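Notes for the structure review
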Amino acid sequence: EAQVTQNPRYLITVTGKKLTVTCSQNMNHEYMSWYRQDPGLGLRQIYYSMNVEVTDKGDVPEGYKVSRKEKRNFPLILESPSPNQTSLYFCASSLTGVLSGNTIYFGEGSWLTVV
Amino acid sequence: AQSVAQPEDQVNVAEGNPLTVKCTYSVSGNPYLFWYVQYPNRGLQFLLKYITGDNLVKGSYGFEAEFNKSQTSFHLKKPSALVSDSALYFCAVRATGANNLFFGTGTRLTVIP
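Residues numbered from 1 in each chain as written. Chains lettered and ligands numbered in written order. Predicted model: local features only at pLDDT ≥ 70, side-chain atom pairs only at ≥ 80, totals over all residues. Heavy atoms only, no water.

Accessible area lost upon the coming together of the parts is a frequently used measure of interface size. Every contact between the two is made by 27 residues of chain A and, on the other side, 21 residues of chain B. Carbon and sulfur atoms make up 52% of the area that chain A and chain B hide from each other, which totals about 1,900 Å². For the interface between chain A and chain B, the tally reads one salt bridge. The shortest N-O distance in the salt bridge between E108(A) and R42(B) comes to 3.0 Å. Run the count over chain A and chain B and you get 13 residue pairs in polar contact (both at pLDDT 80 or more). Secondary structure elements with two or more residues in the side of chain A that touches chain B: β4 (31–38), β5 (42–51) and β9 (87–94) of chain A. In terms of residue count, the dominant contributor to the side of chain A that touches chain B is β5(A) (four residues). Classifying every residue of the side of chain A that touches chain B gives 13 nonpolar, 11 polar and three charged. (Contact = heavy atoms within 4.5 Å. Buried area = accessible area lost by both parts, 1.4 Å probe. Salt bridge = Lys/Arg side-chain N within 4 Å of Asp/Glu carboxyl O. Polar contact = N/O pair within 3.5 Å; in protein donor to acceptor, adjacent residues only side chain to side chain. Helix = DSSP H or I, 4+ residues; strand = E, 2+ residues; numbered from the N terminus. Nonpolar A, V, L, I, M, F, W, Y, C, P; charged D, E, K, R; others polar.)

Here's what the structure looks like:
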C-alpha cells in the first residue's frame, strides 16, 4: 500500500531535549516536505526536499533541521524544542512536487507537545 | 504572494442536503487548486485538484469542485451530504513561484443526522 509513515504519532517532551520525527515513503517520490498545523493558521511548510541531499526552507523553518540522505526518508529534527513548537506535524511526499501539478500525499500526523 | 480564504470556520448541513464549502484564492499565474479533508485523528486525504481543463472537477467520495476564474473561487460541493462527511476541509493553492502548497485555515463541516 502506498503510504507516508511518520513516527512517533504522539510525543510529550521537555524543553531543550533533542528529538527526531521520522518520515518514510514507499512511493519512490522525489519530493518530500514537512508541515505544521496550528489552529486558525492552517498548514504551514517547514522544510522541503526536491531529492536526495537537496533541502530548502519553507515558510517557518526556525528551530527545525532536516536531512535527506536516502530517497525514502526525510526526518525532522528539533535540536532544542521549545513550547511554541507544540503542534501537529505532517510529513508529505509527491512525485516531483506541486509545481508540475502532482498531488502531495500526507502522513497521519505527529502530535508533539513540548512542556 | 498568494492567499487562500475559507470564509466560514464552520458549516452545518442536514444529512441528505447539498453541501458547499467555500474557497477563494489569489495567486500569480495559472492557479493549481486542491482540496483536502482531515478526519479526526487522521492525516490529510486528497479529494480533488484543478490543474487545467474542465472547470468542474470530480473527486473522491462524491465530491466535486467548480473552478471559477472570474470570481477566483474553487468551492467544494456534494449533492447529498452524509454524516460521515463531517470533517475539517482545507483548500490549497500552489504557492507562487514555489514548489509548495499554500493552505487556507480550514472549514469544519458538520453533517447533522
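Glancing now at the pairing of strand β6 (residues 44–50) of chain B. Regular strands place side chains that alternate from one sheet face to the opposite one. Residues and elements named next belong to chain B. One ladder, built from six bridges, connects strand β5 (residues 33–38) with β6; its direction is antiparallel. Considered in β6, the bridge of V37 is made with Q45. Between β5 and the antiparallel strand that follows it, β6, lie five residues; N41 among them carries a positive phi value of about 60°. (Pairing = 2+ DSSP bridges.)

All names here are of chain B. In the structure shown here, the tally under the stated rule is 14 aromatic pairs over all chains. Centroid distance F34 to Y36: 6.5 Å. Interplanar angle 20°. Geometry classified as stacked. Taking the relative accessible area as the measure of exposure, F34 reaches 0% and is therefore buried. With a centroid separation of 4.1 Å and an interplanar angle of 20°, the aromatic rings of Y50 and F67 are classed as stacked. Of the two residues, Y50 is situated in strand β6 and F67 in strand β8 (residues 64–68); the sequence distance between them amounts to 17 residues. Judged by relative accessible area, Y50 falls into the buried class, the value being 8%. (Phe/Tyr/Trp six-rings, centres within 6.5 Å; stacked < 30°, edge-to-face > 60°. Buried < 20%, exposed > 50% of the residue type's maximum accessible area, 1.4 Å probe, protein only.)

Let's shift gears to the sheet that holds strand β7 (residues 65–66) of chain A. Taken together, four strands build an open sheet; the order of strands is β1-β3-β8-β7 (chain A) and the sheet is antiparallel. The open sheet has two edge strands, β1 (4–7) and β7 of chain A, and neither has a second partner.

A cluster of nonpolar side chains, I12(A), V14(A) and V115(A), forms an exposed patch at the surface whose accessible area comes to about 300 Å². Within the element layout of this structure, V14(A) appears in the loop between β2 (10–13) and β3 (19–25). (Patch = residues over 30% accessible without salt bridge, like charges linked within 9 Å, V, L, I, M, F, W, Y side chains within 5 Å. Areas by Shrake-Rupley, 256 points an atom, 1.4 Å probe, with all protein chains shown as cover.)

Our next topic: the nonpolar core. Ranked by size, the top nonpolar core spans 28 residues in total, and within it W35(B), L47(B), L48(B), F74(B), L76(B) and Y89(B) carry the most contacts. Of all the secondary structure elements, the ones that give two or more residues to this core are β2 (10–14), β3 (19–21), β5, β6, β8, β9 (73–78), β10 (87–94) and β12 (107–112) of chain B. A total of four residues in this core trace back to one element, the largest contributor, which is β10(B). In this view, Y89(B) contacts Q6(B), V21(B), W35(B), Y36(B), V37(B), L47(B), F63(B), L76(B), G106(B), T107(B) and L109(B); residues no more than four positions away in its chain are not counted. Membership of the second largest hydrophobic core comes to 19 residues, among which are Y48(A), A92(A), V98(A) and F34(B). (Core = buried A, V, L, I, M, F, W, Y, C linked by side-chain atoms within 4.5 Å.)

The next subject is the side chain of D85(B). Residues and elements named next belong to chain B. Structurally, the position occupied by D85 is in the loop between β9 and β10. Residue classification places D85 among the buried residues on the basis of a relative accessible area of 3%. Discounting chain neighbours no more than four positions away, the residues touching D85 are L19, F63, K78, S80, L109 and V111.

Another aspect to go through is unusual backbone geometry. A cis amide bond, omega 0°, links N7(A) with the succeeding residue P8(A). Following the sequence through the fold, P8(A) ends up in the loop between β1 and β2. Residues other than glycine seldom take positive phi values, yet T72(B) does so here, at roughly 45°. Note that T72(B) resides in the loop between β8 and β9. Residue classification places T72(B) among the partly exposed residues on the basis of a relative accessible area of 31%.

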